[in-house]
Amino acid sequence: MKDSLRIVGFMSGTSMDGLDCCICDISIDNNFRLDYKIIAQKSFQFNDFIVSQIKSNIGNKNQVEINQIDDFLGRVFLDLSKDFLSAHSFDYIAIHGQTIRHKDKIESIQVGNPSYLSDFFKVSVIYNFREKDIKLGGNGAPLMPFLDWLIFKNKNFNTLTLNLGGISNVSMIRKQSKINKVIGFDVGPGMSLIDECSNKFWNNYCDYNSQYSSKGKVDEDMLTYLMKESFISKEPPKSTGREDFGEDYVNKIIRDFSTSSKFDIIRTLVKFTSKSIKMNVEEFILKNNNIDRLVVSGGGLKHSILISDIKKDLDIPMCDIINYGIESKFKESFLMSVLGYAKIKNIESNIPSVTGAMDNIVLGDVCEPK
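Residues numbered from 1 in each chain as written. Predicted model: local features only at pLDDT ≥ 70, side-chain atom pairs only at ≥ 80, totals over all residues. Heavy atoms only, no water.

The buried count for strand β11 (residues 293-297) comes to four of five residues, which makes it a mostly enclosed element. The sheet contact formed by strand β8 (residues 159-164) and β11 spans five bridges and is parallel. In the strand pairing of β11, leucine 160 is matched with leucine 294. Pairing of β11 with strand β12 (residues 318-320) involves three bridges; the strand directions are parallel. Each bridged residue has a counterpart across the sheet, and for valine 295 the counterpart in β12 is cysteine 319. Crossover β11 to β12 through helix α11 (residues 304-314) is right-handed. (Buried < 20%, exposed > 50% of the residue type's maximum accessible area, 1.4 Å probe, protein only. Helix = DSSP H or I, 4+ residues; strand = E, 2+ residues; numbered from the N terminus. Pairing = 2+ DSSP bridges. Right-handed = clockwise from strand over helix to strand, strands pointing away.)

Remark: helix α6 (residues 192-202) packs on helix α9 (residues 247-256), axes separated minimally by 9 Å, with the N-to-C direction vectors making an angle of 65°. In terms of their interaxial angle, α6 and α9 are classed as roughly perpendicular. Two packed elements cross with a definite hand, and for α6 against α9 that hand is right-handed. In this structure, α6 contributes Leu193, Glu196, Cys197, Lys200 and Phe201 to the contact, and α9 contributes Glu247, Tyr249, Val250, Asn251 and Ile254. Taken together, the residues of the contact of α6 with α9 sort by class into six nonpolar, one polar and three charged. (Axes fitted to C-alpha atoms, helices over the stretch in contact; angles between N-to-C directions. Parallel < 35°, antiparallel > 145°, perpendicular 65-115°, else oblique. Left-handed = near helix turned anticlockwise from the far one by under 90°. Contact = heavy atoms within 4.5 Å. Nonpolar A, V, L, I, M, F, W, Y, C, P; charged D, E, K, R; others polar.)

Written out as structure tokens, the structure is:
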């Protein structure tokens, strides 16, 4: 591939379950044609202590403690990945970091000091992909629509992508479209509330094989209550995180519906995720667009009841992102590799129609090895 670079992409997302790594050769030409070859990929699961450290810092505003978790996770990222990465050669590393605080148009704080990876591997690390967009009046999120546009812009069908991570987000890519026509935004919870509920009630990090939600039924009163959440009906551009849809939110639901069974609560949260997607797609996309294909990625793909709910609620032909050569679990780490390439090649990678920024800009900062 002409002008290709081999870039390691790291993603630790709102699911907070681990660090995903994708090593790939990437090139993007002057016509925004993306060529790539995935060389290797691996996930590194966080242990309970790491997860507890992240959770205890969600929303934290104490700068001393933020510096501590930044340093701690920087060392964790290196310790988890150094044996795997040492078996490969690469030009750069691109790392998202763990989001601990996010407020639209104001700030987005990711932790995981990149200097540990940079100094150990003696390569530049690209990081901090959200700040520059926010300084231009944008939300800094979501980032995924840039990759979705590169993949689907020249297709002969209108594509809606749905990423079911901790938070759900969508991208609408019209056939043969320009980047300024992309629609993309967070719609609300993905797996975050379901995972929190699994942990709270059964001390399990997820609802594996829908083992808990399959035993419950949807509580319509609770669902009506949940759908009144202001973010769900808020007009795009918009983005959210675990500060809004995390442990505190689940605790509030449990308090407000104390007589409901734990199985009904988790089942209703699954339906809430699906219905939030349905409402946003119908209200903010389908009114002015036809959708030919729904392409789904993220950990939520493994949740059979959630996928069944989405199929019923949206009634759009659905497929897995693997149909386009990308494993669902590694789409976000692949995105980091692509954004890293864009930074090195000085390619503007924010999308003002998505984030609300005043202008296009090259995203990311570079940490050089000592």
